[in-house]
Amino acid sequence: MNKKNLQEIIKERDSYELYTHQWQELNSLKNTILSEEKTSTRETILYFNEKDLENIPMGYSGLNDITENVLINLTQKFESRFTLEYASGVYRHPIPYVLLKHIDKYFFILRECGSGETRLIGKIGLVGGHVGEEDKDNDALSTIINGMGRELLEEACVTKDKILSTELKGIIRSNEGVDQDHLGLIFLIDLNTDKIKSEEDGIISGIWVHKNHLSNHYDNFENWSKIVYDNILK
């Protein structure tokens, strides 16, 4: 089935109340299509139940509005990504979204045609990705930080010796498009070098942007990148 068929199934599923027999049947069909069409969705990733995130407000929350204890105390669960995608209001999977900085410029990535997240192809964003079962630690925040380290190495060849400081800046909880599946944790990482690059040819490519030129790229930013710009960089 093609993408249109998938969207039709999701639309029909969402016309039923959550967890009813009809909803579950259509959701299972959605899972099957995703697992067949997007091999990347077969990975097992960290997720939270939407109902457990009620203390995190919608939109962008800086650390004055939230505490790290909210994340630390969340129950860690892992499931196949195809089960969790397109499940607005039910599940939400955390994404460490990393603003890499060196002196007065920032590192961005362009998602190319080989990207596993087809809804973001052609958009400019930040380094980030799903947190896998292999990243599991004693609490949810530590697990997310482990996943962030792995993504930094995979997407931008950033090793620990290149990092000067790491700071959790805030959280994004949004229901705009692809955002409805995700919980964004925004980290600012200061690097001692700009000698980094994308390690995923055909999937993403990396660019450095001087702080004075950020606004020139705004229209091509992913939604989360726009939020980061508006709340942190502007």
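Everything below is about the structure shown above.
Residues numbered from 1 in each chain as written. Predicted model: local features only at pLDDT ≥ 70, side-chain atom pairs only at ≥ 80, totals over all residues. Heavy atoms only, no water.

Undergrad: Tell me about the overall build of the chain, and please be specific about residues and values.
TA: In terms of regular secondary structure, the chain is built from six helices and 10 strands. Within the chain, the proportion of its 234 residues that are buried is 48%. Considering only residue pairs separated by 6 or more positions, the chain has 76% of its internal contacts joining residues 24 or more positions apart. Of the roughly 11400 Å² of accessible surface on the chain, 45% is carried by carbon and sulfur atoms. (Helix = DSSP H or I, 4+ residues; strand = E, 2+ residues; numbered from the N terminus. Buried < 20%, exposed > 50% of the residue type's maximum accessible area, 1.4 Å probe, protein only. Contact = heavy atoms within 4.5 Å. Areas by Shrake-Rupley, 256 points an atom, 1.4 Å probe, with all protein chains shown as cover.)

Undergrad: Any details on the packing of aromatic side chains? Residues and values, ideally.
TA: Two aromatic rings, taken as a pair, are described by how far apart their centres are and by the angle between their planes. Counted according to the given criterion, the structure contains six aromatic pairs. Chaining the aromatic ring pairs together yields one cluster made of Phe108, Tyr218, Phe221 and Tyr229. (Phe/Tyr/Trp six-rings, centres within 6.5 Å; stacked < 30°, edge-to-face > 60°.)

Undergrad: Help me get a handle on the pairing of strand E4 (residues 91-102), residues and values and all.
TA: Within E4, 11 of the 12 residues are buried, which leaves it mostly tucked inside the rest of the structure. Judged from the two bridges that link them, strand E1 (residues 44-49) and E4 form a sheet pairing that is antiparallel. Each residue of the ladder has a partner; that of Asn49, found in E4, is Tyr91. Two strands pair when backbone bridges link them, and E4 and strand E9 (residues 182-191) are joined in this way by nine bridges, in the parallel orientation. From the neighbouring strand, Val98 faces E9, where its bridge partner is Phe187. Direction of pairing for E4 relative to strand E7 (residues 127-128): antiparallel, over a ladder of two bridges. Directly across from Val98, in E7, lies its bridge partner Val127. (Pairing = 2+ DSSP bridges.)

Undergrad: Lay out the environment of Tyr86 with the relevant residues and their values.
TA: Residue placement: Tyr86 occurs in the loop between helix H4 (81-84) and E4. Note on Tyr86: relative accessible area 8%, which makes it buried. Each C-alpha atom, one on Tyr86 and one on Asp181, is 6.4 Å from the other, the two residues being 95 residues apart in sequence.

Undergrad: Just give me the short version of the pattern of salt bridges, but keep the residues and values in it.
TA: Scanning all chains against the criterion turns up 10 salt bridges. Between Lys105 and Asp194 there is a salt bridge, and its shortest N-O distance comes to 2.7 Å. Separated by 89 residues along the polypeptide, Lys105 in strand E5 (residues 105-111) and Asp194 in the loop between E9 and strand E10 (204-210) bring together distant segments of the chain. Assessed through its relative accessible area of 23%, Asp194 is described here as partly exposed. With a closest N to O distance of 3.5 Å, Glu154 and Arg150 form a salt bridge. Here Glu154 pairs with Arg150, and both are found in helix H5 (residues 140-156), just four residues apart, close to one helical turn. A residue is classified by how much of its surface remains accessible, and Glu154, at 36% relative accessible area, is partly exposed. Beyond isolated ion pairs, a larger network of salt bridges with shared partners links Glu134, Asp135, Arg150, Glu151 and Glu154. (Salt bridge = Lys/Arg side-chain N within 4 Å of Asp/Glu carboxyl O.)

Undergrad: Summarise the side chain of Glu155; cite the residues concerned and give the values.
TA: When you line up the elements, Glu155 lands in helix H5. A polar contact of 3.2 Å, which involves the side chain of Glu155, links it to the backbone nitrogen of Gly128. (Polar contact = N/O pair within 3.5 Å; in protein donor to acceptor, adjacent residues only side chain to side chain.)

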